[in-house]
Structure formats: C-alpha cells, structure tokens
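Chain by chain, the residues run as shown.
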Amino acid sequence: MGLKDKLDQLRQQGLTEVKASSDLNKINDIRVKMLGKKGPITEVLRGMRELSAEERPKIGQFANEVRDDLTNAIEAKRSELEQAKINAQLEHEKLDVTLPGNTVPQGQPHVIQQIIDQLVDLFIGMGYEVAIGDEVEEDHYNFEMLNLPKDHPARDMQDTFYVTPEILMRTQTSPMQARMLEQHDFTKGPLKMVSPGKVYRRDTDDATHSHQFHQVEGMVIGKHITMADLKGTLEVVAQELFGDELDVRLRPSYFPFTEPSVEADITCFNCHGRGCAICKQTGWIEVLGAGMTHPNVLKMASVDPEVYGGFAFGLGPDRFAMLKYGVEDIRDFYQNDVRFLTQFNQKG
Ligand code: FA5
C-alpha cells in the first residue's frame, strides 16, 4: 500500500473513531494516538525520506490535509461534547426565578431607641446640638454641680449604684447640663443641647419603673429665655409623639437644679384618665421633669445668671414608648422577647 493510501486509511480510521466517541477523555486519547509524535501519521511522514523529490511535496501536502481534517474533527467533537456537558449541567441546575426567595430576618432598632431617634431628630431640626455623656459619672457632675451637695435630702429621690464613693452609675442625664455649660462659649450664641442615654437608679421595678431606663436631657441657655419657651418646646414634643390624641398637663414640682420646676403628665393610655393600676389611679402618667435653670447651677459652671438664663428638661422615652404603643409593663421592653419587640418594626 502506498503512503497516500496509508494516510487515507488513517484518516478514515481517525474520523470514524472521533465520530463514535462520546467522551471528552476519549477524544483526547484519539488526538494523542493519531497526531502525537509517536502516532501513525508521524510514522508515515518519516517514510517520506524514501520518496522521490517529485512525490515528496505531494505526499507532504496530503499528509497536512489529513492532519488538518483530523484536528478539525477532533476540535468540532470536543466543542460539541463540551456544549452537551454544559447543557446537561444547566438542565440539572435549572433555577426557577419565580420561586419565592428565602427571607432573612432583619434587625431593627429597639423600640425605645426608635423613640429616642425620633426625639433627637426633632431637636436637631430645631437647631439643638447632640451631646453624649458617660453612664459612669462623677458624683460631682451627677449631683454637686446640679445644686445637690453631699447631704442634700433630694439625693434620696435618686439613690444609685456606686462604683466608688465619688464615682457612680448616673441617675439622670442632667450631668450633661453642667458639663455642657462649662464647655459652651456663650459669646458665640445660646446653648441648645439634647443628650440621650441610659441611666440607673435603685428603684424597685414595677409596671412604670425600671432600675435601668433612658432619658433625653434638653437644655437651652441664652438671653431672654422664658418659661413660655419651655412650655412651647414641650408641646412640640407631645405633638410629635402623640398628635392630639392625649392630653398633657404641667404641674408644679421640685428639682434642686431648676426653679420653678414642673413635671409633665400625659393621660393614661389604658384608662384614658379614669384611673387604673398602671397610673396608680391618678389617670395620668408622668413623663418628664423640667424647669427654669437654677442660678446656682449657672454660677457653679461660671455662667453669669444676671445675664444668662433658660430652661432644662429630662424626659423618659421608656414611658413615652408605653404611652405611644399601649404597653402595660415597662419590664416588657427589657426582657428581649423577640416576638414582643418585632411588633415595633418600623418597616412593618
Ligand atoms: C429627673 O431625672 C430630672 N433630671 C429631670 C429634669 C431635668 C428636671 C432637667 C429638671 C430639669 P425624674 O426623676 O422625675 O427627674 O425623672 C425624669 C423622667 O424619667 C420621669 O418623668 C420618667 O419619665 C423617667 N423615669 C424616672 N424614673 C424612672 C424609672 N425608674 N423607670 C422609668 N422611667 C423613669
């Protein structure tokens, strides 16, 4: 058999094998076997040395054609098999994009934090700055700078947890009044600040009292600030949180750092003023303390009470949250029952 016939026979053999094969590994084997250095085509080409000068280029060209035919057939088969493999995989992993997705539970601010955020936003809108104080505070700022010297009887109203005789868990956010008064540069304008945060007291826990709760302190000190400004400010707060639904009343009270002092009550959400266990039969729930800043507080912070004056308030967002959502027991906010807390999901 001549070289040309041999080559032709090899081509037929190769093409038949490629055609019959249905496996990518097999295709690779055929390529190595037919076209590799030790394969039959290379073997045939080695025999070309014995050919005449006239025949050699013809056979050479024919050998190249055979090689190309086989290479093309192998590549065509390889891509056909690869495509088939991808198709099979796609079929197997088919996605139904119309299926409902997996819902991942989403976190949210605690309901009391939501109230605090709402209040702070309201005050920022009225030009107040936000000051954050430490929960561990000096007796000096928590009491003394607020006109409550060491043996003052009003300290009994706010017994707390002491770290050392001079360091305590703050009982109120009011120490931020003294700290901000000391820092503020009154030549640049009035002081208008809010200070939200946690406070601690040795109160016995009940439906409206917790030993750890929150306050939002507010203070405005400048020239010509009156009690009418305080009342107007508190009305804006009540309006923001409750609209016209609940009544607000101011009644005279006592705080050593304000004179005169008031407390604000809001109609009990539960009995609507008739009297019940939650409001201790009064029909009202106390939500904040406030008043006109005592001259001693200004003096102690080196602010001249003859020139400057103003008001301060400390409100209880825990109580606001109870009133807003009709929660009967303040302790529910602190028991971390997710079923209870997710009721207040802002996104609904
Ligand atoms: C004060 O703490 C004053 N610092 C408020 C103040 C600030 C007066 C500035 C004048 C000027 P009082 O102890 O009343 O006041 O507390 C203020 C508010 O905190 C209360 O109206 C109530 O809403 C809330 N509160 C007080 N004790 C508790 C408690 N144990 N649990 C939950 N909320 C409380």
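Rules used in this analysis
Residues numbered from 1 in each chain as written. Predicted model: local features only at pLDDT ≥ 70, side-chain atom pairs only at ≥ 80, totals over all residues. Heavy atoms only, no water. UniProt positions renumbered as here; feature names shortened; annotations may be inferred. Helix = DSSP H or I, 4+ residues; strand = E, 2+ residues; numbered from the N terminus. Buried < 20%, exposed > 50% of the residue type's maximum accessible area, 1.4 Å probe, protein only. Contact = heavy atoms within 4.5 Å. Core = buried A, V, L, I, M, F, W, Y, C linked by side-chain atoms within 4.5 Å. 1 Å grid on protein atoms, 1.4 Å probe; cavity = no way out; pocket = protein on both sides within 12 Å on 5 of 7 lines; lining within 4 Å. Points joined across faces, edges and corners; volume = space filled by probe spheres on them. Nonpolar A, V, L, I, M, F, W, Y, C, P; charged D, E, K, R; others polar. Pairing = 2+ DSSP bridges. Axes fitted to C-alpha atoms, helices over the stretch in contact; angles between N-to-C directions.

### A few points about the UniProt feature "coiled-coil region" (unreviewed entry) in the chain
So, step 1. The UniProt record marks residues 67-94 with the feature "coiled-coil region" (unreviewed entry), using the residue numbering of this structure.
So, step 2. A helix fraction of 93% and a strand fraction of 0% characterise residues 67-94, whose end C-alpha atoms lie 40 Å from each other.

### Regarding the UniProt feature "binding site: Mg(2+)" (unreviewed entry) in the chain
So, step 1. Following the UniProt record, the feature "binding site: Mg(2+)" (unreviewed entry) maps to Glu259 here.
So, step 2. Structurally, the position occupied by Glu259 is in strand E8 (residues 258-267).
So, step 3. A relative accessible area of 49% places Glu259 in the partly exposed class.
So, step 4. Dropping the residues within four chain positions of it, Glu259 is found in contact with Met292 and His294.

### Some details on the nonpolar core
So, step 1. Membership of the largest hydrophobic core comes to 45 residues, with the highest contact counts inside it found for Leu119, Leu288, Phe313, Leu315, Phe320, Leu323 and Phe333.
So, step 2. When residues of this core are assigned to their parent elements, the largest contribution, eight residues, is made by helix H5 (residues 111-125).
So, step 3. Here Leu288 is in contact with Leu234, Val262, Glu263, Ala264, Gly314, Leu315 and Phe320, once residues within four sequence places are set aside.

### Points about the layout of surface pockets
So, step 1. The computed volume of the largest pocket comes to approximately 550 Å³.
So, step 2. Those elements that provide at least two residues to the lining of the largest pocket are strand E6 (212-222), E8, strand E9 (284-293), strand E10 (309-315) and helix H10 (317-325).
So, step 3. Broken down by element, the residue count for the lining of the largest pocket peaks at six residues, all from E9.
So, step 4. Residues of the lining of the largest pocket, tallied by class, amount to eleven nonpolar, 13 polar and seven charged.
So, step 5. Computed from the structure, the second largest pocket encloses a volume of approximately 230 Å³.
So, step 6. Lining the second largest pocket are 13 residues, with Cys279, Lys280, Trp284, Ile285 and Glu286 positioned closest to its centre.
So, step 7. Residue assignment for the lining of the second largest pocket shows that the elements contributing at least two residues are strand E7 (248-255) and E9.

### Details of the sheet that holds E7
So, step 1. Strand order in this open sheet of seven strands is E1-E5-E6-E10-E9-E8-E7, and the pairing throughout is mixed. Two strands in the sheet have a free side with no partner beyond their single neighbour: strand E1 (129-130) and E7.
So, step 2. In this sheet, E9 lies alongside E8 in antiparallel orientation, the contact comprising eight bridges. Each bridged residue has a counterpart across the sheet, and for Ile266 the counterpart in E9 is Ile285.
So, step 3. Along the sheet face, H5 touches E1, strand E5 (191-200), E6 and E10 and points at about 5° away from the line of E6.
So, step 4. Of the strands in this sheet, E7, E8, E9 and E10 touch helix H8 (residues 227-242), which is tilted by about 30° from E10.

### Quick look at unusual backbone geometry
So, step 1. The residue after Glu259, namely Pro260, is reached through a cis peptide bond having omega -5°.
So, step 2. Within the secondary structure, Pro260 sits in strand E8.
So, step 3. Backbone geometry places Ser302, a non-glycine residue, at a positive phi of 65°.
So, step 4. Along the chain, the position of Ser302 falls in the loop between helix H9 (295-300) and E10.

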